[in-house]
Each structure stands twice: as C-alpha cells, then as structure tokens.
Amino acid sequence: MRFFQRIIFIVSFFLVTFFAFAVISSVTAFITLRNMQFRSARTTAQVGLFFLQPFSLVTLHAVPDLEFWKTSLEITAEVDPLIQSLHHSVVSALQKEKPSQSSSDVQNQIHEFLTLIMKENDTLQHTFLFKKILPSKYQDLLSHIVAAVPDIEIVTQTLFETHHTFLILFQNSEELRATGGFIGSYGLVEIDHGALHRLIIQDIYEPDGHFHGFVDAPHGLFEYLSDGKGMRLPDANWSPDLPTSAHSILSFFTAANEPSIDGMITLNVHTAEEIVKILGPIELPDFHTTVTAENLSTVARSDRSTFFPGSQQKKDFLSALFTAIKLHLTDMSTQQQKAIAHLLVTEIKTKNIQFFDTSNDLEALYKKYDSAGTVHVPAQNELFFYPVESNVGINKANARVQRDIQLDIHEKNTTLTIHFSNQNLTHGPYTEFIRPNHYVNYQRVFVRPDMSVQSITVSGKSLEKWDENILRTDSGAVVKQIGFLVVVPEQEENTAVITFTNPFPVTRATPVFFQKQSGLPPLRYILQKMGTAENTSTLLL
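Residues numbered from 1 in each chain as written. Predicted model: local features only at pLDDT ≥ 70, side-chain atom pairs only at ≥ 80, totals over all residues. Heavy atoms only, no water.

A. Quick peek at the overall build of the protein chain. Per the secondary structure count, the protein chain includes 14 helices and 19 strands. Its C-alpha atoms give the protein chain principal-axis dimensions of about 105 × 60 × 40 Å. When contacts within the protein chain are restricted to residue pairs at least 6 apart in sequence, those whose partners lie at least 24 apart make up 69%. Counting every atom, the protein chain has about 26900 Å² of accessible surface; 59% of that belongs to carbon and sulfur. Between the mean site of the 42 positive side-chain charges and the mean site of the 56 negative ones, the protein chain shows a separation of 6 Å. (Helix = DSSP H or I, 4+ residues; strand = E, 2+ residues; numbered from the N terminus. Contact = heavy atoms within 4.5 Å. Areas by Shrake-Rupley, 256 points an atom, 1.4 Å probe, with all protein chains shown as cover. Lys, Arg positive; Asp, Glu negative; His and termini not counted. Charge placed at Lys NZ, Arg CZ, Asp CG, Glu CD.)

B. Seen up close, the sheet that holds strand β3 (residues 195-203). On the basis of which strands lie adjacent, the open sheet formed by 5 strands has the order β3-β2-β1-β4-β7 and mixed pairing. Single-partner strands in this sheet number two, and they are β3 and β7 (353-357). The mean inter-strand angle of the sheet, taken between neighbouring strand axes irrespective of direction, is 20°. Of the strand pairs in this sheet, strand β2 (residues 182-192) and β3 are connected by 8 bridges, and their pairing is antiparallel. For Gly187, the partnering residue across the bridge sits in β3 and is Ile201. (Pairing = 2+ DSSP bridges. Axes fitted to C-alpha atoms, helices over the stretch in contact; angles between N-to-C directions.)

C. Representation of helix α4 (residues 103-124) within the structure. Taking 1.5 Å per residue, 22 residues should reach 32 Å; α4 reaches 32 Å between its end C-alpha atoms and fits that length. Inspection of α4 places Val106, Gln107, Gln109, Ile110, Phe113, Leu114, Leu116, Ile117, Glu120, Asn121, Thr123 and Leu124 among the buried residues, and these make up the whole buried set. (Expected span 1.5 Å × (residues − 1). Buried < 20%, exposed > 50% of the residue type's maximum accessible area, 1.4 Å probe, protein only.)

D. Highlighting the sheet that holds strand β14 (residues 467-472). Taken in spatial order, the 5 strands line up as β14-β15-β11-β8-β17 in an open sheet, and their pairing is mixed. Edge positions in the sheet fall to β14 and β17 (512-514), since each of these pairs with one other strand and no more. Averaged over all pairs of adjacent strands, the angle between strand axes in this sheet comes to 25°, irrespective of strand direction. Looking at chain direction, strand β8 (residues 383-388) and β17 are connected through 3 bridges and run parallel. The partner of Phe385 across the bridge, within β17, is Phe514.

E. Molecular detail of the environment of Ser143. Structurally, Ser143 is set in helix α6 (residues 136-161). Residue class for Ser143 comes out partly exposed when judged on its relative accessible area of 34%. Residues Ser143 and Ser260, 117 residues apart in the sequence, show an inter-C-alpha distance of 37 Å.

F. A look at unusual backbone geometry. A positive phi is found at Asn257, a non-glycine position, where the angle reads about 65°. With respect to the helices and strands, Asn257 occurs in the loop between α9 (242-255) and β4 (263-268). Look at Asn257 and you get exposed, because its relative accessible area is 65%. Backbone geometry at Lys351 places phi at a positive 70°, although glycine is not the residue there. Considering the arrangement of structural elements, one finds Lys351 in the loop between α13 (334-349) and β7. Judged by relative accessible area, which is 11%, Lys351 ranks as buried.

G. Fine view of the side chain of Ser245. Checked against the element boundaries, Ser245 lands in helix α9. Accessibility expressed as a relative area gives 1% for Ser245, which makes it buried. Beyond its immediate stretch of four places on either side in the chain, Ser245 contacts Thr179, Ala236, Asn237, Trp238 and Ser239.

H. Layout of the packing of α6 against helix α14 (residues 360-368). Interaxial distance between α6 and α14 falls to 10 Å at its minimum, and their mutual angle equals 135°. One way to sum up the angle between α6 and α14 is to call them oblique. For α6 against α14, the interelement crossing comes out left-handed. Across the interface between the two elements, Ala147, Asp151, Ile154, Val155 and Thr158 of α6 pack against Asp361, Leu362, Leu365 and Lys368 of α14. For the contact of α6 with α14, the class distribution of residues is 5 nonpolar, 1 polar and 3 charged. (Parallel < 35°, antiparallel > 145°, perpendicular 65-115°, else oblique. Left-handed = near helix turned anticlockwise from the far one by under 90°. Nonpolar A, V, L, I, M, F, W, Y, C, P; charged D, E, K, R; others polar.)

I. The arrangement of the nonpolar core in detail. Counting 32 residues, the largest nonpolar core has Phe385, Leu416, Phe484, Ile498 and Phe500 as the members making the most contacts within it. Of all the elements in the fold, those that place two or more residues in this core are β8, β9 (401-409), β10 (413-422), β11 (439-447), β12 (452-458), β15 (478-488), β16 (493-501) and β18 (523-529). (Core = buried A, V, L, I, M, F, W, Y, C linked by side-chain atoms within 4.5 Å.)

J. Quick look at helix α2 (residues 38-58). Taking 1.5 Å as the rise per residue, α2 with 21 residues should run 30 Å; its terminal C-alpha atoms sit 30 Å apart, in good agreement. Along α2, the sharpest change in direction is near 35° and occurs at Leu52; proline Pro54 comes one to four residues later. Inspection of α2 places Phe38, Ala41, Thr44, Ala45, Gly48, Leu49, Phe51, Leu52, Phe55 and Ser56 among the buried residues, and these make up the whole buried set. Leu60 sits one or two residues past α2 and shows a positive phi near 60°. (Bend = angle between axes of the 7 residues up to and from the residue.)

K. The packing of aromatic side chains, seen in detail. Applying the stated criterion across every chain yields a total of 18 aromatic pairs. Their ring planes at 90° and their centres at 5.5 Å tell us that Phe19 and Trp69 sit as a pair that is edge-to-face. Taken as a pair, Phe19 in helix α1 (residues 2-34) and Trp69 in helix α3 (residues 64-95) lie far apart in primary sequence, 50 residues in all. Ring pairing ties together the aromatic residues Phe18, Phe21, Phe50 and Phe51, which thus form one cluster. (Phe/Tyr/Trp six-rings, centres within 6.5 Å; stacked < 30°, edge-to-face > 60°.)

L. Inspection of empty space enclosed by the protein at higher detail. Within this structure, the stated rule accounts for 2 cavities of 30 Å³ or more. The calculated volume of the largest cavity comes to roughly 60 Å³. In this structure, the largest cavity is lined by Pro387, Glu389, Ile405, Ile418, Gln443, Phe514, Gln515, Lys516, Gln517, Leu520 and Leu523. Its residues assigned to classes, the lining of the largest cavity shows 6 nonpolar, 3 polar and 2 charged. (1 Å grid on protein atoms, 1.4 Å probe; cavity = no way out; pocket = protein on both sides within 12 Å on 5 of 7 lines; lining within 4 Å. Points joined across faces, edges and corners; volume = space filled by probe spheres on them.)

M. Highlighting the pattern of salt bridges. Enumeration according to the criterion identifies 15 salt bridges in this entry. With a shortest N-O distance of 3.9 Å, Asp80 and Arg39 are connected by a salt bridge. Separated by 41 residues along the polypeptide, Asp80 in helix α3 and Arg39 in helix α2 bring together distant segments of the chain. For Lys368, the salt bridge goes to Asp151, with nearest N and O atoms at 2.8 Å. (Salt bridge = Lys/Arg side-chain N within 4 Å of Asp/Glu carboxyl O.)

Here is the structure:
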C-alpha cells in the first residue's frame with residue numbers, strides 16, 4: 001500500500017513540478033515576445049513546450065485549454081525563425097547574393113506559421129478557461145490576423161510565385177502635389193519568384209526625355225506648369241486619385257520602353273527622412289556630402305534645372321545614396337529593425353506610403369486596407385470635402401506653410417475656410433538663382449457632384465471665375481472639382497473661403513467625410529454644425 005502511495009506521491013510531485021515549470025516558462029516567453037525579444041522568447045517557449053507536452057499526450061490532445069496553451073507556445077517559438085528568414089531574404093536581395101533559403105522554403109514557412117495562427121483561433125473557441133481570462137483585445141487581435149490570412153497569402157503568392165515589377169515613386173512633399181509631392185526620382189524593383197532580379201534608381205527626367213508625344217494638360221497644370229507642352233511625366237501625378245494618376249504615369253513609362261510595370265508605390269520624403277534618422281548620417285565621400293534627415297530633401301532634389309535627360313550626374317548621386325542606404329539596412333541592429341518595421345506601418349496608416357497594382361487581387365487588397373490612395377466615394381446622405389493643394393511655384397515653400405481648416409455646416413449651405421500662413425523668411429534681393437519663397441498654390445476642393453458653389457473669396461476678394469468640372473476617377477468615384485489660385489507671399493497670410501449650397505437639407509445627424517491629402521502634415525480643423533463647435537481635433541488620415 002505504501003509502495004503505491006509513494007508512486008502516486010512521486011508522480012504527483014513530477015506533474016506539479018512539470019506544470020509549474022510550464023507555467024513559469026510560458027509566462028516568461030509571452031512577456032519576452034511582447035517586448036520583441038524574439039530569440040529569448042523562442043528559447044523559453046521551447047522549454048515550456050517540453051514541460052507541457054506530457055500533459056497534452058496524457059489527455060490525448062482532447063483538452064482544448066491545454067491545446068490552446070501549447071499552440072501559443074509553438075507560435076511564440078516560431079516567430080524568431082520566421083523573422084530571421086525574412087530578414088536574410090531581404091538582406092540577400094539587397095546585396096544581390098544567393099539566399100540561404102529558397103523562396104519556396106520561406107513561403108512554406110510563412111504558410112505554416114499562418115496555419116498555427118488559424119489553429120490557435122479555432123481552438124480558442126472551444127476553451128473553457130482561456131476564453132474567459134484572455135483579454136478581449138488579444139482575442140480580437142487573433143481574429144483580425146485570421147481574417148487577414150487570405151490577404152497575406154495573396155501577397156506571398158505575388159512575391160514568391162510570379163514575376164512582378166514595382167515602380168517606386170519618390171515624392172518630395174516639400175513641393176506638394178496631389179498624390180503627396182513632386183516626383184523627383186524613381187526606382188524599379190523587379191522580383192522573379194521571390195528573388196530580386198533588377199533594382200535601379202533613376203532621375204524622373206530620364207524616362208521623360210524619351211517621351212515625344214503630347215498629352216493634354218488638365219486645369220491648373222495647363223495654366224501654371226505645362227508651358228504649352230502638355231502634361232509631362234514629372235507632373236503626371238496631378239490627380240489626387242492614385243489609380244487615376246498611376247494609369248497616367250505608367251503610360252509615360254510604357255512610352256519610355258518600360259512597358260512591364262505591374263505595381264506602383266508612392267513614398268513621400270517624410271518616410272525617407274525618418275528612415276535616415278533611424279539609420280544615422282550617411283556618408284557619400286565621392287560627393288563630399290553627409291546625408292541626414294535634415295538635408296535629405298534638399299540634396300536629393302537639388303536644382304532640377306541642372307539636370308537633363310541623359311545626364312549622369314543625378315543618376316550617379318542617387319545610385320551612391322541608395323547603395324549607402326542598402327549597406328546601412330543590411331547592418332541594422334535589432335532595435336533599428338524594430339524601429340523601421342514600426343515606421344513603415346505608421347507611414348502606411350498616415351498615407352505617406354500608398355500602393356497601386358494592375359492585379360485586381362492586389363488592388364482590392366490595397367483598397368480594403370485604405371492604402372490605395374483613392375478618392376472617397378460619398379454615400380447618398382453624406383457630405384464630402386477633400387481639399388487638395390498643388391505647389392505650382394517650383395519651390396519648396398509649402399514646407400514652411402501652416403494651414404487651418406474650418407467647416408461651417410448649416411441646413412442649406414456649407415462654408416469651407418482654409419487659412420494659410422507662410423513662415424518662410426525673406427531672402428531678397430532676388431536673382432535668377434535666389435527666388436522668393438512665395439507659396440503659389442493651385443487649390444482644389446473635391447465635393448459631391450451635386451454640390452454647387454455660391455461664392456469663392458481669396459484675400460477677401462470675390463473671384464469672378466474658377467475652374468469647375470465633374471470628374472470620374474479610375475477608382476470609381478464621381479466628384480466635382482473646383483480649382484483656383486491662392487498665393488501666399490513670405491511672412492504673410494491668406495485665406496480662401498468657399499461657400500456651397502447643400503444638395504439636401506442637413507441636420508446634426510448628417511455624416512461628414514473629410515479626406516486629408518497625402519504629403520500634408522497633421523491638420524487642425526474645426527467642424528461646426530448649426531453654429532455649434534462639435535469637434536476640434538488633429539486629423540491623421
């Protein structure tokens with residue numbers, strides 16, 4: 001009898017000990033994972049799995065709470081290998097070396113990880129304890145990840161199973177244009193079944209010089225930038241609807257013998273500045289220049305008048321800069337990798353990075369996650385306002401222009417007020433090489449097609465005429481465009497006031513959609529309905 005008691009005691013002792021170690025290891029693994037210490041999380045999770053596995057075997061994998069716990073540890077243990085594989089793939093691509101893993105291996109690794117996530121979510125629904133104690137925010141996060149699995153599969157299939165060429169447009173938001181900024185340069189990235197096949201960085205005037213046709217310039221561009229030459233490639237992002245601008249841009253590249261572009265990514269200078277800030281100063285000894293976040297937009301833009309199609313000067317500078325950035329990217333610390341990943345997510349959310357693709361699946365995916373740069377399609381009972389600025393002064397004046405926006409909405413009419421303050425300092429006397437920093441802005445406002453304009457005043461003076469037309473964008477929106485010029489000299493202010501007649505009687509319950517332009521800093525706006533300030537907040541869209 002005592003023999004069996006001792007056996008039971010010993011077995012109970014080992015079970016309790018194993019269970020205690022499993023709990024301690026699991027808690028430690030989850031904490032280190034939350035702190036993004038992936039390698040430590042993997043090691044500790046493997047220890048937890050060792051102590052937990054006997055319980056799963058004894059219960060014949062029939063206890064959902066145990067299986068959920070075990071799958072959580074399996075996921076935690078697989079995070080680090082997955083990140084390392086992705087990191088090595090990117091580094092190998094940047095260095096044009098043969099990767100240590102084949103693209104199919106990496107794709108399978110991603111698929112297996114996603115399978116674990118789906119198993120985890122399914123098991124959670126049958127648990128008794130974890131369903132009650134797991135915070136709702138984590139349960140929601142798990143559900144969101146599972147819902148995104150088909151979308152992730154689309155992206156991995158595009159990258160690992162097809163030949164895809166991406167056009168990356170580098171937009172200088174300090175010279176504001178509709179989709180985020182002036183296109184000074186671009187990159188072509190060609191990916192063939194997961195391997196980097198081609199990567200070039202070039203001045204935008206190079207392909208533009210190969211275009212010998214004529215494209216009618218739209219309002220605003222025709223009067224202030226075209227010089228009678230129609231629309232050219234550097235100004236082809238005139239439409240704030242990215243798919244519309246993308247089709248225009250890709251047609252220019254087709255004419256310049258680059259017909260096989262599948263997707264387009266716009267990247268504003270703010271993103272590049274933040275990346276350089278994380279990486280640190282970048283030395284370019286051949287150009288006697290140190291590139292920092294503070295001077296990046298200046299040295300990368302330079303004076304566009306000094307470059308011409310076929311010139312090697314800017315191409316050589318851009319290639320040297322990108323090569324130096326690649327070297328920094330391949331030698332990042334773990335902390336820098338985390339910072340870059342967090343930055344890219346933030347920049348997509350704030351529309352400093354936007355996407356377009358000729359693939360219907362990818363384009364639908366971009367629209368689903370609000371990163372396609374499309375003009376909003378207003379609902380039947382919704383008011384819609386989208387102010388869009390275009391710096392047509394061929395300078396970087398808008399970098400130091402502050403603006404406040406106010407919407408005064410009443411039952412029958414709505415007034416949109418945009419106040420500009422030019423903080424640029426005066427640097428006269430001006431010459432051919434020293435130009436004033438006046439902000440010359442072709443201001444557009446996109447609204448519902450059934451909104452009508454009562455009046456427009458600029459500097460307190462009523463305009464007798466303005467541009468006004470109905471547009472159908474490539475993304476399916478039908479909107480009315482109103483355009484006019486607003487000039488704000490250095491150290492001065494100016495105000496534009498547009499009064500509309502509402503298409504239907506507006507009440508306090510009428511929804512209002514205000515769309516923010518890519519490339520603008522966070523905006524302060526005041527919304528007033530029926531004379532009452534309902535909301536004052538910083539707009540981050």
